[in-house]
Amino acid sequence: MELAVGAILMGDAAAAVASTFFGMGGAPGQRLPFKVILGKAACAHLYLNFLLSRRKKIVDIVGSIRGGGAVVNRVLDVLIDPRKEMGLSGVDDDAEW
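Note that the coordinates shown come from a computational prediction; the quantities given were computed from them, not determined experimentally.

Each value, and the rule that gives it
- The residue numbers shown here count from 1 along each chain, following its written sequence.
- Residues qualify for local features only when their pLDDT is at least 70, as the model is predicted, and side-chain atom pairs are given and counted only at 80 or more; totals for whole chains, interfaces and linings, by contrast, use all residues.
- Computation of side-chain values covers all heavy atoms of the structure but excludes hydrogens and water.
- Note on conventions: DSSP H or I runs of at least 4 residues are helices, E runs of at least 2 residues are strands, and numbering of each starts at the N terminus.
- Only protein chains enter the area calculation, which uses a 1.4 Å probe; residues under 20% of their type maximum are buried, those over 50% are exposed, and those in between are partly exposed.
- Whether two residues touch is decided by their heavy atoms; if any such pair falls within 4.5 Å, the residues are in contact.
- Note that accessible areas follow from Shrake-Rupley with a 1.4 Å probe, and for residues the cover is restricted to the protein chains shown.
- As a per-residue measure, pLDDT tells how confident the predictor is, with possible values from 0 to 100.
- Two rings from Phe, Tyr or Trp (for Trp, the six-membered ring) form a pair when their centres are within 6.5 Å of each other. A pair whose planes differ by under 30 degrees is stacked, one over 60 is edge-to-face, and the rest are tilted.
- Basic side-chain nitrogens of Lys or Arg form a salt bridge, by our definition, when they fall within 4 Å of a carboxyl oxygen of Asp or Glu.

1. A few points about the overall build of the protein chain
Logical step 1: A count of helical and extended segments in the protein chain gives 4 helices and 0 strands.
Logical step 2: Going residue by residue from the N terminus, the α and β elements of the protein chain occur as α-α-α-α.
Logical step 3: Relative to its 97 residues, the protein chain shows a buried fraction of 9%.
Logical step 4: Intrachain contacts of the protein chain at a sequence separation of at least 6 include 46% that bridge at least 24 residues.
Logical step 5: Carbon together with sulfur atoms contributes 67% to the accessible area of the protein chain, which is approximately 7,900 Å² in total.

2. Quick look at the confidence of the model for the protein chain
Logical step 1: Across the protein chain, the average pLDDT comes to 75, with 71% of residues at 70 or higher.
Logical step 2: Across the protein chain, helix H1 (residues 2–21) holds the top mean pLDDT of 84, while helix H3 (residues 70–80) sits lowest at 65.

3. Brief notes about the environment of Ala7
Logical step 1: Locating Ala7 in the fold gives a position in helix H1.
Logical step 2: Measuring from C-alpha to C-alpha, the distance between Ala7 and Ala44 comes to 8.5 Å, with 37 residues separating the pair along the chain.

4. Description of the packing of aromatic side chains
Logical step 1: Inspection of the entire model under this criterion finds 1 aromatic pair.
Logical step 2: With a centroid separation of 6.3 Å and 40 degrees between ring planes, the pair formed by Tyr47 and Phe50 is classed as tilted. One end of the pair, Tyr47, and the other, Phe50, are both in helix H2 (residues 34–66), 3 residues apart, so they sit about a helical turn from each other.

5. Observations concerning the pattern of salt bridges
Logical step 1: Under the definition given, this model contains 1 salt bridge.
Logical step 2: Close ionic contact of Lys40 with Asp12 constitutes a salt bridge, the shortest N to O distance being 3.3 Å. Placement of the pair is Lys40 in helix H2 and Asp12 in helix H1, with a sequence separation of 28 residues.
Logical step 3: Here Lys40 falls in the partly exposed class, since its relative accessible area comes to 26%.

See the structure below:
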């Protein structure tokens, strides 16, 4: 959804530039002021930078939470040998589960 909003903003900025500099679209003789075009381009640029920086922050947070995959290894260790992970490996070796 957020990428769609970014694409719409970029498309709007590109359409404004095309209509102003190349005379495409819009009514003849009507041009958008350069300030409006600059504002649209700046808005699209800032929004896309926000998305990229937020994505980087999320990737960093997920990496710090998972510890680079340490949680997955820990879960697998618990599933493979639960007694050892609970500290019961040498307590009662003769007992059956």
